[in-house]
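# Residue-level structural notes
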Amino acid sequence: MSRKPKSIRHRALDLLARREHSRLELSRMLKQGEFNYQEIEPCLDQLQADDLLSNERFANAYARMRSCNGFGPERILRELAERGVDDYLASQALRNLKADWLTNAREVRSKKYGSHPRKDFAERVKQARFLNYRGFSHDIINIMLGEK
């Protein structure tokens, strides 16, 4: 049995009231709520037309949040792509941050390993792997570990 479109909209607005979501995320959540595709898509179209759902706003908020949590640009871009944000909007969100990625990497590394970037080779490899996992580029990692 089909649900009323109004209940889909209420559920979507309830989710959007908590935080921004990408269109893909919201679609997935509504599908888990047992709404079907034919009901979801028109609702999402209307939410976008009403400017209540915006991949651009989501990308900006998500990039800001992940950057503040110590993640680098490569990981943020990958996570945005997984959430259905196109490459242009994701890149634009990172440009809007105006983040100093070297400083971010230094803070993340320092928090985990202390203020000295390198001890022995094995320790440098371990730190490099950690920074790479966090989404920082090899150039930044090399600068951080004093290899460049």
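Residue positions are counted from 1 within each chain, in the order its sequence is given. Since the coordinates come from a predicted model, pLDDT governs what is reported: local features require at least 70, and pairs of side-chain atoms require 80 or more to be given and counted, while whole-chain, interface and lining totals use all residues. Note that the side-chain values use all heavy atoms of the structure and ignore hydrogens as well as water.

The next thing to look at is the nonpolar core. Core analysis: the biggest nonpolar cluster contains 23 residues, and Ile76, Leu80, Val85, Leu131 and Phe136 have the highest contact counts within it. Going through the elements one at a time, helix 4 (55-68), helix 5 (73-82), helix 6 (87-97), helix 7 (101-113), helix 8 (121-134) and helix 9 (138-144) are the ones with two or more residues in this core. The contact definition used throughout considers only heavy atoms, calling two residues in contact when any of these lie within 4.5 Å. The contact partners of valine 85, leaving out residues within four places of it in the chain, are Ser22, Asn55, Phe58, Ala59, Leu80 and Ala90. Grouped together as the second largest cluster of nonpolar side chains are 12 residues, Leu26, Ile40, Leu47 and Leu53 included. Buried residues of nine kinds, namely Ala, Val, Leu, Ile, Met, Phe, Trp, Tyr and Cys, make up a nonpolar core once their side-chain atoms join them within 4.5 Å. In this scheme, a residue with accessible area under 20% of its type's maximum is buried, one over 50% is exposed, and one in between is partly exposed, where area comes from a 1.4 Å probe on protein chains only. Helix numbers and strand numbers start at the N terminus; a helix is a DSSP run of H or I with at least 4 residues, a strand a run of E with at least 2.

Here the focus is the layout of surface pockets. Grid points spaced at 1 Å over the protein atoms alone were grouped into cavities, where a 1.4 Å probe fits but cannot get out, and pockets, open sets with protein on both sides within 12 Å along at least five of seven lines, with lining residues defined by an atom within 4 Å of a point. Grid points are joined across faces, edges and corners, and a volume is the space filled by probe spheres set on the points. Of the pockets and cavities examined, the largest pocket occupies roughly 170 Å³. What lines the largest pocket is simply Ser67, Cys68, Asn69, Gly70, Asn104, Glu107, Val108, Lys111, Lys112, Phe130 and Arg134. Contributing elements (two or more residues each) for the lining of the largest pocket: helix 4, helix 7 and helix 8. Tallying contributions element by element places helix 7 first for the lining of the largest pocket, with 5 residues. Note that Gly is not counted as nonpolar here; it falls among the polar residues with everything else outside the nonpolar set of Ala, Val, Leu, Ile, Met, Phe, Trp, Tyr, Cys and Pro and the charged set of Asp, Glu, Lys and Arg. In the lining of the largest pocket, the residues fall into 3 nonpolar, 4 polar and 4 charged.

Here the focus is the packing of aromatic side chains. A pair of Phe, Tyr and Trp rings is counted when the ring centres sit within 6.5 Å of each other, with Trp represented by its six-membered ring. The angle between the planes then sorts it: under 30 degrees is stacked, over 60 is edge-to-face, the rest tilted. With the rule as written, the count across this model stands at 2 aromatic pairs. Taking the centre distance of 5.5 Å and the plane angle of 35° together, the rings of phenylalanine 58 and tyrosine 62 count as tilted. With phenylalanine 58 and tyrosine 62 both in helix 4 and 4 residues apart, this pair spans about one turn of that helix. Both residues of the pair, phenylalanine 58 and tyrosine 62, belong to the buried class. Taking the centre distance of 5.7 Å and the plane angle of 80° together, the rings of tyrosine 113 and phenylalanine 130 count as edge-to-face. A residue pair is termed long-range when its members are at least 10 positions apart, and tyrosine 113 in helix 7 and phenylalanine 130 in helix 8 qualify at 17 residues. Given a relative accessible area of 15%, tyrosine 113 falls into the buried group.

Here we come to the packing of helix 5 against helix 6. The axes used here are C-alpha line fits, helices contributing only the stretch in contact, and every angle between their N-to-C directions lies in the interval 0 to 180 degrees. Helix 6 packs onto helix 5 with a crossing angle of 140° between their chain directions and a minimal axis gap of 9 Å. The handedness of the crossing between helix 5 and helix 6 is right-handed. Within the contact between the two elements, helix 5 uses Pro73, Ile76, Leu77 and Leu80 and helix 6 uses Ala90, Ser91 and Leu94. Its residues assigned to classes, the contact of helix 5 with helix 6 comprises 6 nonpolar, 1 polar and no charged. Here a crossing is taken to be left-handed if its near helix is turned anticlockwise relative to the far helix by less than a right angle, and right-handed if that turn runs clockwise.

Let's shift gears to the packing of helix 4 against helix 6. At a closest axis distance of 9 Å, the pairing of helix 4 and helix 6 adopts a crossing angle of 50°. Between helix 4 and helix 6, the angle falls in the class oblique. In this structure, helix 4 crosses over helix 6, and the sense of that crossing is right-handed. Of the residues in helix 6, those in contact with Asn55, Glu56, Ala59, Asn60, Ala63, Arg64 and Ser67 of helix 4 are Leu89, Ala93, Leu94, Asn96 and Leu97. Looking at the contact of helix 4 with helix 6 residue by residue, the class counts come to 6 nonpolar, 4 polar and 2 charged. Should an angle lie under 35 degrees it is considered roughly parallel, over 145 roughly antiparallel, and from 65 to 115 roughly perpendicular; all remaining angles are considered oblique.

We now examine helix 3 (residues 37-49). The first and last C-alpha atoms of helix 3 sit 18 Å apart over 13 residues, in line with the 18 Å expected at 1.5 Å per residue. Buried within helix 3 we find Glu39, Ile40, Glu41, Cys43, Leu44 and Leu47. N or O atoms closer than or at 3.5 Å make up a polar contact, with two conditions inside protein: a donor-capable atom paired with an acceptor-capable one, and, for residues adjacent in sequence, both atoms drawn from side chains. Taking the backbone nitrogen of glutamine 38 as reference, a side-chain oxygen 3.1 Å away marks asparagine 36 as the first, capping residue of helix 3. Directly after helix 3, the chain includes aspartate 51, whose backbone phi takes a positive value near 60°. Any helix carries an expected span of 1.5 Å times its number of residues minus one.

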